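Take a look at the letters that make up each chain.
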Amino acid sequence: DPGSLLAAEGVDPTVFNDPDNQIALTLHNHLVARAVVLTDCPHIGLLVGQRDSLNSIGLAGLLVRYSPDVESALRSFVRYLHTHVRGAKSELTLDGDVATLGWEIYQPGVEAVDQVGDGALAVMFNILRELCGPGWKPIEVRFAHREPVQLQPFRMFFRTTLRFDSEGYSLHFASS
């Protein structure tokens, strides 16, 4: 029950009624860490991320949605993500025919980095599907944490090559 979790942590649930409201990254990650414990679900970050899309990132999402092409959209996502998420960043790199969209938390001392990284990859995956169509899929998805015991939820969602113990969290896809 999200209401019970929020109440136990002293968070007013109405803060989530407006998508432009923000909570600190430390609080966000703490809530995710508590949710893992309370639900005994080791992939809750992935499940939460699967529900998010461009609509979840406020005005930055509108800018991305109405960009003239996918590269411009992703560059806007990277440039303006800080207006929605503080303490983390995204990066787009192009190397020949492979593009990489990465995610990193740079705020020190936060909990549940692995869970939030999984969720961020799921959100970025959904955003790329919105921009490129439902048939889009990455070449591979990389995770900074070790391979989870329950790998099936990751396989079912991403449906591509998964790499664990990587340097960071990233989606790799055809630049075309």
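In this text the structure is predicted, and so the values were computed from the model without any measurement.

Rules behind the numbers
Residues numbered from 1 in each chain as written. Predicted model: local features only at pLDDT ≥ 70, side-chain atom pairs only at ≥ 80, totals over all residues. Heavy atoms only, no water. Core = buried A, V, L, I, M, F, W, Y, C linked by side-chain atoms within 4.5 Å. Buried < 20%, exposed > 50% of the residue type's maximum accessible area, 1.4 Å probe, protein only. Helix = DSSP H or I, 4+ residues; strand = E, 2+ residues; numbered from the N terminus. Contact = heavy atoms within 4.5 Å. Arc of directions from axis to C-beta. Phe/Tyr/Trp six-rings, centres within 6.5 Å; stacked < 30°, edge-to-face > 60°. Pairing = 2+ DSSP bridges. Axes fitted to C-alpha atoms, helices over the stretch in contact; angles between N-to-C directions. Salt bridge = Lys/Arg side-chain N within 4 Å of Asp/Glu carboxyl O.

Within the largest apolar cluster, 42 residues are counted, with the highest numbers of intra-cluster contacts made by W103, F143, F158, L171 and F173. Within the residue set of this core, elements represented by two or more residues are α2 (25–39), α4 (58–65), α5 (70–80), β1 (88–95), β2 (98–105), α6 (113–132), α7 (152–158) and β5 (169–174). Looking at this core, the element that brings in the most residues is α6, giving nine residues. Apart from the residues lying within four places of it in its own chain, the contact partners of F158 are L46, L121, A122, F125, V141, F143 and L171. Of all hydrophobic cores here, the second largest spans seven residues; its members include V11, L31, C41 and I44.

Working note: α-helix, 3.6 residues per turn, so residues spaced by three or four point in the same direction. Looking at α4, one finds that the buried residues are G58, A60, G61 and V64. The buried residues of α4 occupy one face: seen down the axis, they fall within an arc of 140 degrees. Check the buried side of α4 and you find it contacts α5 and α6.

Across all of its chains, the model carries nine aromatic pairs by this definition. With centroids separated by 5.4 Å and ring planes inclined at 90 degrees, the aromatic side chains of F125 and F158 adopt a geometry described as edge-to-face. With F125 in helix α6 and F158 in helix α7, this pair connects stretches of sequence that are 33 residues apart. In this structure F125 comes out as buried when scored by relative accessible area, which is 1%. By relative accessible area, F158 is classed as buried at 0%. Aromatic side chains F143 and F164 sit 4.6 Å apart centroid to centroid with 15 degrees between the ring planes, which places their arrangement in the stacked category. Here F143, found in the loop between β3 (140–142) and α7, pairs with F164, found in the loop between β4 (161–163) and β5; they are 21 residues apart in sequence, far enough to count as distant. Following the ring pairs from residue to residue traces out a cluster consisting of F125, W136, F143, F154, F157, F158, F164 and F173.

Turning our eyes to something else, we now look at the sheet that holds β5. Within the open sheet, the five strands sit side by side as β1-β2-β5-β3-β4. Their pairing is mixed. Where the open sheet ends on each side, the last strands, each with one partner, are β1 and β4. Within this sheet the neighbouring strands show an average axis-to-axis angle of 15 degrees, counted without direction. Here β3 runs beside β5; their pairing, made up of three bridges, is antiparallel. Across the sheet, residue R142 finds its bridge partner in β5, namely S170. Strands β1, β2 and β5 of the sheet are contacted by α5, whose axis makes an angle of about 150 degrees with β1.

Bringing the pattern of salt bridges into the picture now. Within this structure, the stated rule accounts for six salt bridges. A salt bridge links R163 to E140, with the nearest nitrogen and oxygen atoms 3.1 Å apart. Separated by 23 residues along the polypeptide, R163 in strand β4 and E140 in strand β3 bring together distant segments of the chain. The class for R163 is partly exposed, based on a relative accessible area of 43%. Judged by its relative accessible area of 9%, E140 falls in the buried class. Linked by salt bridges that have partners in common, E140, R142 and R163 make up one network.

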